[in-house]
Amino acid sequence: EIVMTQSPATLSVSPGERATLSCRASQSVGSNLAWYQQKPGQAPRLLISGASTRATGIPTRFSGTGSGTEFTLTISSLQSEDFALYYCQQYNDWPLFTFGGGTKVEIK
Amino acid sequence: EAQLVESGGGLIQPGGSLRLSCAAAGFIFNDYGMTWVRQAPGKGLEWISYIVGGSSSTYYADSVKGRFTISRNNAKKSLYLQMDSLRVEDTAVYYCARDGALGPIDCWGQGALVTVSS
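So, here's what we can say about the structure. (Residues numbered from 1 in each chain as written. Chains lettered and ligands numbered in written order. Predicted model: local features only at pLDDT ≥ 70, side-chain atom pairs only at ≥ 80, totals over all residues. Heavy atoms only, no water.)

## Observations concerning the overall build of chain B
Counting its regular elements, chain B contains zero helices and eleven strands. In terms of its C-alpha atoms, chain B occupies a principal-axis envelope of roughly 40 × 25 × 25 Å. Taken over 118 residues, chain B has a buried fraction of 49%. If you take every contact in chain B between residues at least 6 apart in sequence, the share linking residues at least 24 apart comes to 52%. Split by element, the accessible area of chain B, about 5,200 Å² in all, is 48% carbon and sulfur. (Helix = DSSP H or I, 4+ residues; strand = E, 2+ residues; numbered from the N terminus. Buried < 20%, exposed > 50% of the residue type's maximum accessible area, 1.4 Å probe, protein only. Contact = heavy atoms within 4.5 Å. Areas by Shrake-Rupley, 256 points an atom, 1.4 Å probe, with all protein chains shown as cover.)

## Concerning the nonpolar core
Of all hydrophobic cores here, the largest spans 44 residues; its most connected members are Trp 35 and Tyr 86 of chain A together with Trp 108 of chain B. Not counting the four nearest positions on each side in its chain, Tyr 86 of chain A is found in contact with Gln 6, Leu 21, Tyr 36, Gln 37, Leu 47, Phe 62, Leu 73, Ile 75, Gly 102, Thr 103 and Val 105 of chain A. One finds Ala 24, Trp 36, Ile 48 and Cys 107 of chain B within the second-largest nonpolar core, a separate group that totals 28 residues. (Core = buried A, V, L, I, M, F, W, Y, C linked by side-chain atoms within 4.5 Å.)

## Thoughts on the pattern of salt bridges
The final tally for this structure, using the stated rule, is eight salt bridges over all chains. Measuring nitrogen to oxygen at the nearest pair gives 2.5 Å for the salt bridge that ties Glu 70 of chain A to Arg 24 of chain A. In this pair, Glu 70 of chain A sits in strand S8 (residues 70-75) while Arg 24 of chain A sits in strand S3 (residues 19-25), placing the two residues 46 residues apart along the sequence. Between Glu 46 of chain B and Arg 38 of chain B there is a salt bridge, with its nearest N and O atoms 2.7 Å apart. Under the relative-accessibility criterion, Arg 38 of chain B is labelled buried at 5%. Connected through shared salt-bridge partners, Arg 38, Glu 46, Arg 67 and Asp 90 of chain B make up one network. (Salt bridge = Lys/Arg side-chain N within 4 Å of Asp/Glu carboxyl O.)

## What to know about the sheet that holds S8 of chain A
Residues and elements named next belong to chain A. Taken in spatial order, the four strands of this open sheet run S1-S3-S8-S7, and their pairing is antiparallel. Two strands close off the open sheet at either side, each with one partner strand: strand S1 (4-7) and strand S7 (62-67). In this sheet, adjacent strand axes meet at a mean angle of 15° when their direction is disregarded. Relative to S8, S7 is paired through six bridges, and the arrangement is antiparallel. Paired with Gly 66 across the bridge in S8 is Phe 71. (Pairing = 2+ DSSP bridges. Axes fitted to C-alpha atoms, helices over the stretch in contact; angles between N-to-C directions.)

## Let's talk about the interface of chain B and chain A
Every contact between the two is made by 20 residues of chain B and, on the other side, 15 residues of chain A. Interface area, chain B with chain A, both sides summed: about 1,500 Å², of which 73% is carbon and sulfur. Applying the counting rule to chain B against chain A returns zero salt bridges. Summed over the shared surface of chain B and chain A, the result is eight residue pairs in polar contact (both at pLDDT 80 or more). Taken together, the elements giving at least two residues each to the side of chain B that touches chain A come down to strand S4 (34-39), strand S5 (45-51), strand S9 (92-99) and strand S10 (105-108) of chain B. The element best represented in the side of chain B that touches chain A is S5 of chain B, accounting for four residues. By residue class, the composition of the side of chain B that touches chain A is eleven nonpolar, five polar and four charged. (Buried area = accessible area lost by both parts, 1.4 Å probe. Polar contact = N/O pair within 3.5 Å; in protein donor to acceptor, adjacent residues only side chain to side chain. Nonpolar A, V, L, I, M, F, W, Y, C, P; charged D, E, K, R; others polar.)

## Some thoughts on the packing of aromatic side chains
Under the counting rule described, the total for this entry stands at eleven aromatic pairs over all chains. Taking 5.8 Å as the distance between ring centres and 85° as the angle between the ring planes, the aromatic pair formed by Phe 97 of chain A and Tyr 50 of chain B counts as edge-to-face. Of this pair, Phe 97 of chain A sits in the loop between strand S9 (85-90) and strand S10 (98-99) while Tyr 50 of chain B is found in strand S5, placing the two residues in two different chains. On the accessibility criterion, Tyr 50 of chain B (2% relative accessible area) is buried. For the pair Phe 27 of chain B and Tyr 32 of chain B, a centre-to-centre distance of 5.3 Å together with 90° between the ring planes defines the contact as edge-to-face. Since its relative accessible area comes to 22%, Tyr 32 of chain B is described here as partly exposed. An aromatic cluster is present here, built from Trp 94 and Phe 97 of chain A together with Trp 47, Tyr 50 and Tyr 59 of chain B joined pairwise through their rings. (Phe/Tyr/Trp six-rings, centres within 6.5 Å; stacked < 30°, edge-to-face > 60°.)

Structure below.
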């Protein structure tokens, strides 16, 4: 099983600042990596697929980079609606998906 | 717009059975693989099962293999999860979700809460 590790567990950021979230895979997943946002009481929402391709309707302040085992989600200028949980998911081992443990982005 | 609506959650005793249903709308259901993902209270996301669109081949996480069965009825545009021999640790919100393109999950239901407790 491919293990996905996210860091940090919690990120405290002020509105308007940049947030950088990391995701590491236990073995190479190529570019088969997605990012999701989840707000309290809601289902996750797809932000990024293919490590760097924004999903439909996702603002340009969200960007993804990386390949192989190291990935980054950057939110360039945090808006109030961006404070949420973020998960990475590998699908290289399709359809045996695995998710990271999540990063909570909170208001500093 | 694609939509998924789960039903069938509730409170069940350990060792019991429950069947979740998921109604799909707004897309050609049999063109897509479908999956179940769960989230225990205060915890992260856990993939548990997948069913291919055309062939109905099925896959399971080790944590549910042999106890849960995924199935689909393409004519009814519905996905199911039969859960048997339920354990306290199966308590979670269960999400029905669509595999958008061999991996990224691009559509999620609102979730169905399953509570396993005596």
